[in-house]
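Understanding the architecture of this molecule
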Amino acid sequence: MASIHKEIVIDARPEAVWSVLSDYGAVHERMAPGFVTGTRLSSDTRTVTFADGTIVLERLVDLDHEAMRVAYTVVGGSLHPSHHHASMQALPEAGGRTRFVWHIDVLPDALAAPIAEFVEHGSTVIRRTLEAAPSAPARTGARPDRDPASSRDVVRAAWKAFATHDADEISAVFTEDAEWLAPPGNATATALDRPSHMVGRAAITRFLAEDFSRLFAGDVDVAFHGFHADGERVVVEETMTATLADGRHYANDYCLVFELRDGLIHRVREYLDTARGHRMVFGGAEE
């Protein structure tokens, strides 16, 4: 088995470097722009397009915020390894700098040379990009510090935008590569024939601006029970009631975890009573 190992010292704090490494769907924007021309994230797999036209599908294996290490494996695209495992890690270096460690194990051995060339070029771009970026704020774990009241305000404003069903207002509160993850097979996704995991600002906006009201046709009301903020993360507890398109009543409790980035919503994780949701939407609903 061939191994490619590259270490470089970056003149940036480890927390700032990790902020970029951990943003798994934004390689073309934050880590290696120009070298990587596009990144599309779908669930745990990103499709990465390089400047020379190479396309690889990389599945996330581990995202370790404490160790500041991301691991991934190539599962498709232009390369066809029989085995591939890679990791990138940000380690503290003297003087507040970062030792960036990139390690790849690959079979067959014939892939070692082209991958090593990619790593050499990519490392140069990564160092240049990260050293030119503004310093990230100090972080606790993986979350940059932010006034909790400010984070709550961002999410409260987003809820007001959702209620307008106006595509422009909704789009403005999300990052371009935002994700919304709901339980697989939940009643709303099933009834509307929409994915339970929406990826990208456009898909989320379309759902909230157009699809939502096809099921929840009227009298939509959200009663908030709490907004709990911790840095860039806000947890919302709420009960939603509505009149469904067929005239029946809907009521269910939700817990939503909002993760922010640069003042915008980057990821939403939605939790609810899925069994109750199915009874409400498809029959046997509790009144």
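Described in the following lines is the structure provided in the data block. Fair warning: this is a prediction, and the values are worked out from it, not measured in the lab.

1. A few points about the overall build of the protein
Per the secondary structure count, the protein includes 8 helices and 15 strands. Taken along the three principal axes of its C-alpha coordinates, the protein extends 65 × 40 × 30 Å. Here the protein holds 287 residues, and 46% of them are scored as buried. Here the analysis covers contacts within the protein between residues at least 6 apart in sequence; of these, 52% occur between residues at least 24 apart. Of the charged side chains in the protein, 28 are positive and 43 negative; the average position of the first set lies 2 Å away from that of the second.

2. Observations regarding the sheet that holds strand 5 (residues 69–77)
Pairing between the strands of a sheet is mediated by backbone hydrogen bonds and can be parallel or antiparallel. Within the open sheet, the 7 strands sit side by side as 1-7-6-5-4-3-2. Their pairing is antiparallel. A strand with exactly one partner marks an edge of an open sheet, and here the two such strands are strand 1 (2–10) and strand 2 (36–42). Ignoring which end each strand starts from, the neighbouring axes of this sheet average 25° apart. As paired strands, strand 5 and strand 6 (residues 83–93) are joined by 4 bridges and run antiparallel to one another. Bridge assignment links arginine 69 to a residue of strand 6, and that residue is glutamine 89. Helix 1 (residues 14–21) contacts strand 1, strand 4 (55–64), strand 5, strand 6 and strand 7 (97–107) of the sheet and is inclined by roughly 155° relative to strand 6.

3. A short note on the pattern of salt bridges
Once their charged atoms are close, side chains differing in charge can pair, the charge on each being opposite to the other. Evaluation of the coordinates by the stated rule reveals 15 salt bridges. Residues glutamate 7 and arginine 99 are paired through a salt bridge, measuring 3.2 Å at the closest nitrogen-oxygen approach. With glutamate 7 in strand 1 and arginine 99 in strand 7, the pair connects residues that are 92 residues apart, well separated along the chain. Owing to a relative accessible area of 24%, arginine 99 belongs among the partly exposed residues under this scheme.

4. So, the environment of phenylalanine 207
Relative to the elements of secondary structure, phenylalanine 207 occurs in helix 7 (residues 201–215). Given a relative accessible area of 11%, phenylalanine 207 falls into the buried group. Phenylalanine 207 sits 15 residues away from leucine 192 along the chain, and the two C-alpha atoms are 9.5 Å apart. The residues touching phenylalanine 207, leaving out its near neighbours within four places in the chain, are Thr188, Leu192, Arg194, Met198 and Phe212.

5. What about the sheet that holds strand 15 (residues 264–272)?
The strand order across the open sheet built from 6 strands is 11-10-15-14-13-12, with neighbouring strands paired in mixed fashion. Every other strand in the sheet has two partners, leaving strand 11 (197–199) and strand 12 (216–230) as the edge strands with one partner each. Neighbour to neighbour, the strand axes of the sheet diverge by 20° on average, direction disregarded. Along the sheet face, helix 7 touches strand 10 (174–181), strand 11, strand 12 and strand 13 (233–244) and points at about 50° away from the line of strand 10. Taken strand by strand, helix 8 (residues 274–282) contacts strand 13, strand 14 (249–261) and strand 15, and its axis lies near 135° from that of strand 14.

6. Considering the nonpolar core
If you look at the biggest cluster of nonpolar residues, it comprises 38 residues, and the most contacted ones within it are Phe162, Phe174, Trp180, Tyr250, Phe258 and Ile265. If near-sequence neighbours (up to four positions away) are discounted, tyrosine 250 is found in contact with Phe216, Met240, Thr241, Ala242, Leu244, Leu272, Gly277, Met280 and Val281. Counting residues in each nonpolar core, the second largest holds 36 residues, with Trp18, Met31, Leu41 and Val48 among its members.

7. Concerning the side chain of threonine 98
Mapping threonine 98 onto the fold places it in strand 7. Under the relative-accessibility criterion, threonine 98 is labelled buried at 0%. A distance of 3.4 Å separates a polar atom in the side chain of threonine 98 from the backbone oxygen of arginine 13. Every residue in contact with threonine 98, bar those within four places of it in the chain, is listed here: Ile8, Val9, Ile10, Ala12, Arg13, Pro14, Val17, Ala90, Leu91 and Glu93.

8. Focus: the packing of aromatic side chains
Under the criterion given, the structure shown has 15 aromatic pairs. Arranged with centres 5.0 Å apart and planes meeting at 70°, the rings of phenylalanine 216 and tyrosine 250 form a pair that is edge-to-face. In this pair, phenylalanine 216 is assigned in strand 12 and tyrosine 250 in strand 14, connecting sequence segments 34 residues apart. Tyrosine 250 carries the same exposure label as phenylalanine 216, and that label is buried. Put simply, the rings of Trp159, Phe162, Phe174, Trp180, Phe224, Phe227 and Phe258 touch in pairs and so form one group of aromatic residues.

Parameters and conventions
- Residues numbered from 1 in each chain as written.
- Predicted model: local features only at pLDDT ≥ 70, side-chain atom pairs only at ≥ 80, totals over all residues.
- Heavy atoms only, no water.
- Helix = DSSP H or I, 4+ residues; strand = E, 2+ residues; numbered from the N terminus.
- Buried < 20%, exposed > 50% of the residue type's maximum accessible area, 1.4 Å probe, protein only.
- Contact = heavy atoms within 4.5 Å.
- Lys, Arg positive; Asp, Glu negative; His and termini not counted.
- Charge placed at Lys NZ, Arg CZ, Asp CG, Glu CD.
- Pairing = 2+ DSSP bridges.
- Axes fitted to C-alpha atoms, helices over the stretch in contact; angles between N-to-C directions.
- Salt bridge = Lys/Arg side-chain N within 4 Å of Asp/Glu carboxyl O.
- Core = buried A, V, L, I, M, F, W, Y, C linked by side-chain atoms within 4.5 Å.
- Polar contact = N/O pair within 3.5 Å; in protein donor to acceptor, adjacent residues only side chain to side chain.
- Phe/Tyr/Trp six-rings, centres within 6.5 Å; stacked < 30°, edge-to-face > 60°.

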